[in-house]
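# Understanding the architecture of this molecule
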Amino acid sequence: MAKKKKKSFFNRLLSRKVLLLIQMIVSVIFLAYVYILKMLPLKYYLIVLAIVVALFFMTTLFMKSGWKKKKREGKYFRLIFSKLTCLLLSVLIAYVTIMIARGNSFINNITSSLTQTRVISVYVLKDSDYTQLSELKGLTFGIQTEKGNSTIMSSLSKIEDEMGESVDTEDFGNYAKLGDAIIDGEVKVIVADQAYMALLEANHEGIDEKLRSVYKIETEEKIKTVTEETDVTSNPFIVYVTGIDTYGSVSTISRTDVNLLLCVNPEQRQILMVSIPRDTLVTLHSKGKKDKLTHSAMYGIDETISTIEDYLDLNVNYYAKTNFSGITNIIDALGGVTIDSPYDDFTTMHGNYLIKKGKNEMDGDKALCFVRERYALPQGDFDRGKNQQRLLQAMIKKALSPKIITNYNNILSAVEGCFETNMSADAIKSFINMQLDDGGSWDMYNVQVTGEGYKTTKTYSMPGQSTYVIEADEDKLEKIINVINKIEGNKEIKESDVKGLGGI
């Protein structure tokens, strides 16, 4: 009697029982993970549950049918095909589970941000030969004693420890003179707090692009809690969206180039986007003194939020923060954006990009330079604010397109490290759950703080230095506040409410 052939390990591994067990395990993990995340509404979860269970039973029946066919006719094709189907379904379910886990990890990484980073940099001119700290031995370091002097002095001690020798310093009194000193060649190296870059360039617009940081000292600081959490699925809420003018870490304390408020009413399904020009003259919350809005961020994002709350008589519930790196990375990961420019052809100061009237295809760097531009625009900073709204809308439109699925992982990777918010992961998940459950579109409205610009020497951060500010049009400002109050009061806003308020 012929001996029965012993099945190989590979054949045992691909036996129908093993394959069905694998499919069952990955299906259970998938269903458990989706349930625990609570982003999918119950009605859709039950549909997904039914589909997964149905697929398992269909695969089981298919494999049994193939096994019987093999026994009866001695043919393997149907059995092999049924095994392959089971294996492919298991791989697909496992892949979707991994993508969901990736999305959950992403949400956890960008949320509940409660710290900010103060960066002290050692700067040299970009066209100099100096590239590292050790090459600066024997040079005089320029400093100032006007702002954050204790932080600068403690940083100097760390710099000396790193260099292994004491450092000679020259005090120029304030950041404006310190900026003059390095540009004019009085010193070849300066030590400055990156948060006060606006003061450093008082007499030299765009000085940051002429400097190179050869050494950094980063200190983490807690953000004072000034926002009020709420149920984002039922109550109106306001998100302060800021874009800081730095590359690298988004937690860095720096001035704000972008100041947007997203006033969201989930019940009325309406979003009011409020743009505030960076040069708007406001009263700093903790100082009680007049200054331009962009300067408030030098004292921390909590100071900016409290100042805006005072200015527009509202309560901010959350903030979202990005920077130059974030904007370029996100747009590139999206595959670029299309922006319809209403202005005559112009060239951006940063990057020297030609922006044509009409539709423009933009990658990350071009889009960034587009929204930073103000000098080539008819109404300067006001038009820049409108361009920021145009870019945000273009990004949202691209992010909601079906093509986004094919670039899902790249987009999450691009956003991580370049975007953060103090909104909790649970709040974001519950909002997603609500949107999926209710469906439907949202009405979006745009308004902008507008007014007259002039130069003054009486700002808190730059006393005695001539600086450009914008005094808001009080009548329009009051109307904007009234529209915001409607959102906060859970009332429906109409086109007539925002007409003539500077939106796009």
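Figured I'd write up the structure that's included with this text.

Within the protein chain one finds 16 helices and 19 strands. In terms of overall dimensions, the protein chain has a C-alpha envelope of 105 × 65 × 45 Å along the principal axes. Scored against the burial criterion, the 504 residues of the protein chain give a buried share of 49%. Put simply, 71% of the contacts in the protein chain that link residues at least 6 apart link residues at least 24 apart. Just so you have it, the protein chain exposes about 24,900 Å², and 55% of that area is on carbon and sulfur atoms. The average position of the 61 basic charges and that of the 62 acidic charges among the side chains of the protein chain differ by 19 Å.

Our focus in this paragraph is the pairing of strand 8 (residues 270-275). Counting buried residues in strand 8 gives six out of six residues, a clear majority hidden from the surface. Here strand 7 (residues 256-265) runs beside strand 8; their pairing, made up of six bridges, is antiparallel. Residue L262 lies in a different strand from strand 8, and its bridge partner there is M273. Between the end of strand 7 and the start of strand 8, which pair antiparallel, lie four residues, with R269 showing a positive phi angle near 55°. The sheet contact formed by strand 8 and strand 17 (residues 443-448) spans six bridges and is parallel. Within strand 17, the position partnered with L272 by the bridge is Y445.

The next subject is the nonpolar core. In this structure, V337, L391 and M423 are the most contacted members of the largest nonpolar core, which totals 44 residues. Looking at this core, the element that brings in the most residues is helix 10 (residues 324-334), giving six residues. One finds Y175, I190, M197 and V214 within the second-largest nonpolar core, a separate group that totals 40 residues.

Attention now goes to the packing of aromatic side chains. Summed over the entire model, instances satisfying the criterion amount to nine aromatic pairs. Both rings, one in Y35 and one in Y45, keep their centres 5.6 Å apart while their planes meet at 55°; by these two values the pair is tilted. Of this pair, Y35 sits in helix 2 (residues 16-37) while Y45 sits in helix 3 (residues 42-73); the two residues are 10 residues apart in sequence, bridging distant segments of the chain. With 5.9 Å between their ring centres and 40° between their planes, F431 and W442 make a pair best called tilted. With F431 in helix 14 (residues 425-438) and W442 in the loop between helix 14 and strand 17, this pair connects stretches of sequence that are 11 residues apart. Look at W442 and you get partly exposed, because its relative accessible area is 22%. Following the ring pairs from residue to residue traces out a cluster consisting of Y175, Y196, Y299 and Y460. Above the ring of Y299, the side-chain terminus of K287 is found at 4.9 Å from the ring centroid.

Along the chain, G164 falls in the loop between helix 5 (149-163) and strand 3 (168-171). With relative accessibility at 65%, the residue G164 sits in the exposed group. Along the backbone, G164 and S134 are 30 residues apart, and their C-alpha atoms lie at a distance of 9.1 Å.

What counts and what doesn't
Note that residues are indexed from 1 along each chain, following the sequence as it is written. This being a predicted model, a pLDDT of at least 70 is required before a residue's local features are given, and a value of 80 or more before pairs of side-chain atoms are given or counted; all residues contribute to the totals for chains, interfaces and linings. The basis for the side-chain values is all heavy atoms of the structure; hydrogens and waters are excluded. Numbered from the N terminus, helices here are DSSP runs of H or I no shorter than four residues, and strands are runs of E no shorter than two. Residue exposure (1.4 Å probe, protein chains only): buried if accessible area is under 20% of the type maximum, exposed if over 50%, otherwise partly exposed. Residues count as neighbours in contact if any of their non-hydrogen atoms are within 4.5 Å of one another. Using a 1.4 Å probe, the Shrake-Rupley method yields the accessible areas, and only the shown protein chains count as cover for residues. Only four residue types enter the tally: Lys and Arg on the positive side, Asp and Glu on the negative side, with His and both chain ends excluded. A charge is said to be at NZ when it belongs to Lys, at CZ for Arg, at CG for Asp and at CD for Glu. Should DSSP find at least two bridges between two strands, the strands are taken to pair. Residues belong to one nonpolar core when they are buried, are Ala, Val, Leu, Ile, Met, Phe, Trp, Tyr or Cys, and are joined through side-chain atoms within 4.5 Å. Classification of ring pairs uses Phe, Tyr and Trp, with its six-membered ring standing for Trp, and accepts pairs whose centres are within 6.5 Å; under 30 degrees between planes counts as stacked, over 60 as edge-to-face, and the remaining range as tilted. Two limits define a charge over a ring: the Lys NZ or Arg CZ must be within 6 Å of the ring centre, and within 35 degrees of the ring normal.

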